[in-house]
Amino acid sequence: MEFIKVNPQYEKYIALIELNRPNELNALNLQLMGELRDALKELDSDDNVRSIIITGNERAFAAGADIKQMADKTAIDMLKIDQFSTWDQIRKTKKPLIAAVSGFALGGGCELAMTCDMIIASETAKFGQPEIKIGVMPGAGGTQRLTKAIGKAKAMELVLSGRFISGEEAQQYGLVNKVVPVEMYMYEATQLAKEIAQMSPIASQLAKEAVNRSFETHLDEGLTFERKNFYLAFATEDQKEGMQAFIEKRKPDYKGK
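Read on for a plain summary of the structure.

The rules behind each value
The residue numbers shown here count from 1 along each chain, following its written sequence. The model is predicted, so local features are restricted to residues of pLDDT at least 70 and side-chain atom pairs to those at 80 or more, both for listing and for counting; the totals for chains, interfaces and linings are taken over all residues. Side-chain metrics in this entry use all non-hydrogen atoms of the structure; hydrogen atoms and water are not considered. Three exposure classes are used, based on accessible area relative to the maximum for each residue type with a 1.4 Å probe and protein chains only: buried under 20%, partly exposed in between, and exposed over 50%. Helix and strand labels come from DSSP, where a helix needs a run of H or I of at least four residues and a strand needs a run of E of at least two; each type is numbered from the N terminus. In this context, the arc is that of the directions from the helix axis out to the C-beta atoms. Any cysteine sulfur atom paired with another within 2.5 Å is treated as part of a disulfide. Should a side-chain nitrogen of Lys or Arg be within 4 Å of a carboxyl oxygen of Asp or Glu, the pair is scored as a salt bridge. DSSP bridges decide pairing: two strands pair if at least two such bridges lie between them. For every element, the axis is a line fit to its C-alpha atoms; helices are fit only across the contacting stretch, and the angle between N-to-C directions ranges from 0 to 180 degrees. In this analysis, two residues are considered to be in contact whenever any of their non-hydrogen atoms come within 4.5 Å of each other. Each aromatic pair joins two rings of Phe, Tyr and Trp (for Trp, the six-membered one) with centres within 6.5 Å, and gets the label stacked for planes under 30 degrees apart, edge-to-face for over 60, and tilted for any other angle. Two limits define a charge over a ring: the Lys NZ or Arg CZ must be within 6 Å of the ring centre, and within 35 degrees of the ring normal.

Some remarks on helix α11 (residues 237-247)
At step 1: Along α11, the residues classified as buried are D238, Q239, E241, G242 and A245. Looking down the long axis of α11, one finds its buried residues gathered within 165 degrees of arc, a one-sided arrangement. For α11, the exposed residues set more than 90 degrees away from the buried face come down to E237 and I247.
At step 2: Positive phi appears at K249, one or two residues downstream of α11, with a value of about 55 degrees.

Below, the structure written as structure tokens:
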């Protein structure tokens, strides 16, 4: 891996992926995104990983796509490159993903953070979809996920103006879970990851899948999907352990089975 660092046991049951192009503010070139896709696929199959943190550095989570790779491309070039198939694979990660964001999360960086399931931001975080300023528009989910997160009017404003918003404003709009001082954002992301990792990994994956389905279907279909996953949880040893531990007033010992 040239452009990311992967620690599969950053903490017990927690993996950490660090975007690592500091001189380019972690701009998301094709190689970095491919490495991220492959790392997430491997971590998804690792039974010792129950939650995953993706981060950059204090200056930038990711300041956007690598414009130099795209500037001279034609529409057919971009179609053949098919960069968004990589994003589709990342989106299919089954384990909970937490974005730990400090500094710039712009364009593709904002889209990558929104592809994660939760976002912990530092007070220096800046979110935005400024693609309009270079003659294009978001292409990796920015118009869709941002609208679902903060509503049509505010998303339209940010997409059409290219304006950045602070971490505090992003929290106010419901885009991020928590905003903390810059020296605390990794700690808070890790604490959240630890809390999730204590739960049944199978139940977590089923629940994540059901929540995500709510954005893709009508209510009746979503409820049907939720109930099927609820019933499926009763086929696991973790369900028996969790309920028995509750009855016995002890902490459950989940095995992911």
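Topic: unusual backbone geometry
At step 1: If you check the backbone angles, Y13 has positive phi at about 70 degrees while not being a glycine.
At step 2: Positive phi is not limited to glycine here, since K249 has a value of about 55 degrees.

As for the state of the cysteines
At step 1: Scanning all chains against the criterion turns up zero disulfides.
At step 2: Take C110: it sits in no disulfide, and the sulfur closest to it among the cysteines is that of C116, at 11 Å.
At step 3: For C116, a relative accessible area of 8% corresponds to the buried category.

What about the environment of A245?
At step 1: Here A245 is to be found in helix α11.
At step 2: Look at A245 and you get buried, because its relative accessible area is 1%.

Notes on the pattern of salt bridges
Proximity of charged atoms lets side chains of opposite charge pair with each other.
At step 1: Counting across every chain of the model gives 12 salt bridges.
At step 2: Among the salt bridges present, the one from R213 reaches E216, with a minimum N-O distance of 3.6 Å.
At step 3: The class for E216 is exposed, based on a relative accessible area of 53%.
At step 4: Between K255 and D253 there is a salt bridge, and its shortest N-O distance comes to 3.0 Å.
At step 5: Overlapping salt bridges, with partners in common, bring together K154, E157, R163 and E169 in one network.

What about the sheet that holds strand β7 (residues 118-122)?
At step 1: The strand order across the open sheet formed by six strands is β1-β2-β3-β5-β7-β10, and the pairing between neighbours is mixed. Edge strands, defined here as strands with exactly one partner in the open sheet, are β1 (4-11) and β10 (178-180). Each strand of the sheet is rotated relative to its neighbour by a mean of 20 degrees, with strand direction disregarded.
At step 2: As defined by bridge partners, strand β2 (residues 14-19) adjoins strand β3 (residues 51-55) across five bridges and the pair is classed as parallel. Bridge pairing links L16 to I53 in β3.
At step 3: On top of the sheet, helix α8 (residues 185-197) reaches β1, β2, β3, β5 (97-101), β7 and β10; it is set at about 165 degrees to β3, its chief contact.

Describing the packing of aromatic side chains
At step 1: Within the structure shown, the criterion is met by two aromatic pairs.
At step 2: Arranged with centres 5.3 Å apart and planes meeting at 65 degrees, the rings of F230 and F234 form a pair that is edge-to-face.
At step 3: For F234, a relative accessible area of 36% translates into the label partly exposed.
At step 4: Among the aromatic side chains, those forming a connected cluster through ring pairs are F230, Y231 and F234.
At step 5: Against the face of Y13 rests R50, its NZ or CZ located 3.8 Å from the ring centre.
At step 6: Note that K133 overlies the ring of F164, its terminal NZ or CZ placed 5.4 Å from the centroid.

These values are about where atoms sit, not about what they do.
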